[in-house]
Amino acid sequence: AVDYVVTHRPRTKRVVVVGLGQIGERVVRSLRRTRITPVLCNRSPGVKWVGDAPIEPLDRLPALLADADAAILCTAATTPVVTDAHLTAQGGPTTLLVDLGIPAQADPAIKPTLAELADLETIQQAASRRQLASWADVSHVRHRVRRAVAEFENFCQERHLTLLLRRTQE
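Think of each chain on its own: its residues are numbered from 1, step by step along the sequence as written. Given that the model is predicted, a residue must reach a pLDDT of at least 70 before its local features are reported, and side-chain atom pairs must reach 80 or more before they are shown or counted; all residues, however, enter totals for whole chains, interfaces and linings. To get the side-chain values, take all heavy atoms of the structure and skip hydrogens and water.

**Student:** Describe unusual backbone geometry, naming the residues involved and giving the relevant values.
**Tutor:** In this structure, the amide linkage connecting I102 to the following residue, P103, adopts the cis form with an omega of 0°. Under the scheme used here, helices are H or I runs from DSSP no shorter than 4 residues and strands are E runs no shorter than 2 residues, and both carry numbers assigned from the N terminus. Tracing the backbone through its elements, the reader meets P103 in the loop between β5 (95-99) and β6 (115-118). Positive phi is not limited to glycine here, since R35 has a value of about 70°.

Put into structure tokens, the structure is as follows:
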């Protein structure tokens, strides 16, 4: 999702992350690595895993979207959390909505004049095209493997799984 935002909106500065479960947490970390400012939004604003950034309640979503370049939707809602009513025509580029939800977190009927919608299938197709185009560049593959290993190590360290990793390696 973050790669999609960076590729399709290279000048992005602020991205609203809606939903702060495990997927939302990974999205926020990935955004911070790209130096994009994540704006956090959750239906339960009392979540404390982030610590250094305020968490906005879901009812502030229209205002947050109006001030952002894009949004990544990763809630577990059973109905869309973003509809036309949440978006305002800005006269400039439309808001990019990257929807990671199953079922959809953005209403598929959102007007294209209000937002550009990218669902899981769109993201996967774009990633496949980029991967094919860059397959000849082995350094790209090495970089992605190193990054994935680093993410896995961080995941394990945060959950105190390093002993398990050592034993697995032995």
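Picking up after the structure, the text goes on.
**Student:** Outline the environment of R29, listing residues and values.
**Tutor:** With respect to the helices, strands and loops of the structure, R29 is situated in helix α2 (residues 22-33). Only protein chains enter the calculation, and the probe is 1.4 Å; a residue is then buried if its accessible area is under 20% of its type maximum, exposed if over 50%, and partly exposed in between. Assessed through its relative accessible area of 29%, R29 is described here as partly exposed. In this structure the C-alpha to C-alpha distance between R29 and V2, which are 27 residues apart in sequence, comes to 9.9 Å.

**Student:** Go over the pattern of salt bridges with me, naming the residues and quoting the values.
**Tutor:** For this document, the term salt bridge refers to a Lys or Arg side-chain nitrogen within 4 Å of an Asp or Glu carboxyl oxygen. The final tally for this structure, using the stated rule, is 9 salt bridges. The partner of D3 in a salt bridge is R147, with the nearest N and O atoms 3.8 Å apart. With D3 in helix α1 (residues 2-8) and R147 in helix α5 (residues 138-158), this residue pair connects regions lying 144 residues apart in the sequence. On the accessibility criterion, D3 (28% relative accessible area) is partly exposed. Under the relative-accessibility criterion, R147 is labelled partly exposed at 31%. Residue K111 pairs with D84 through a salt bridge whose shortest N-O separation is 3.2 Å. Placement of the pair is K111 in the loop between β5 and β6 and D84 in the loop between β4 (70-73) and β5, with a sequence separation of 27 residues.

**Student:** Give a detailed account of the nonpolar core, specifying residues and quantitative values.
**Tutor:** Among the nonpolar cores identified, the biggest contains 21 residues, and I72 and V98 are the most heavily contacted of them. For this core, the elements supplying multiple residues, two or more each, are α1, β1 (14-18), α2, β4, β5 and α4 (120-134). Ignoring sequence-local partners within four residues, the contact set of I72 consists of A1, V2, V5, V15, V16, V17, V18, V27, V98 and L100. We define the nonpolar core as a collection of buried residues of types Ala, Val, Leu, Ile, Met, Phe, Trp, Tyr and Cys that are connected through side-chain atoms lying within 4.5 Å of one another. V18, L65, V81 and A106 belong to the second largest nonpolar core, which has 19 residues in total. Contact definition: two residues touch when any of their heavy atoms are within 4.5 Å.

**Student:** Talk me through α2; I want residue IDs and the actual numbers.
**Tutor:** Here α2 contains 12 residues, and its C-alpha end-to-end distance of 17 Å stays within 8% of the 16 Å for a straight helix at 1.5 Å per residue. Positive phi shows up at R35, right after α2, with a value of about 70°. An expected span of 1.5 Å times one less than the residue number is assigned to each helix.

**Student:** Talk me through the sheet that holds β4; I want residue IDs and the actual numbers.
**Tutor:** In space, the 6 strands of this open sheet follow the order β3-β2-β1-β4-β5-β6, with parallel pairing throughout. The outermost strands of the open sheet, each flanked by one partner alone, are β3 (55-57) and β6. The mean angle between the axes of side-by-side strands here comes to 25°, regardless of whether they run parallel or antiparallel. Only when DSSP finds a minimum of two bridges between them are two strands counted as paired. Both β5 and β6 contribute to a ladder of 4 bridges, which runs parallel. In the strand pairing of β6, V98 is matched with A118. Think of each axis as a best-fit line through the C-alpha atoms, taken over the contacting stretch in the case of a helix, with angles from 0 to 180 degrees between the N-to-C directions. Sheet strands touched by α2: β1, β2 (37-42) and β4. Its angle to β1, the strand with the most contacts, is close to 170°.

**Student:** Report on the side chain of T12, specifying residues and quantitative values.
**Tutor:** Take T12: it is sitting in the loop between α1 and β1. Classification of T12 as buried rests on a relative accessible area of 8%. Pairs of N or O atoms within 3.5 Å make up the polar contacts considered here, provided that, within protein, one atom can donate a hydrogen while the other can accept it, and that residues adjacent in sequence are counted only when both atoms are side-chain atoms. Looking at T12, its side chain comes within polar contact range of the main-chain oxygen of R9, at 2.7 Å. Residues in contact with T12, not counting those within four places in the same chain, are V5, I36 and D69.

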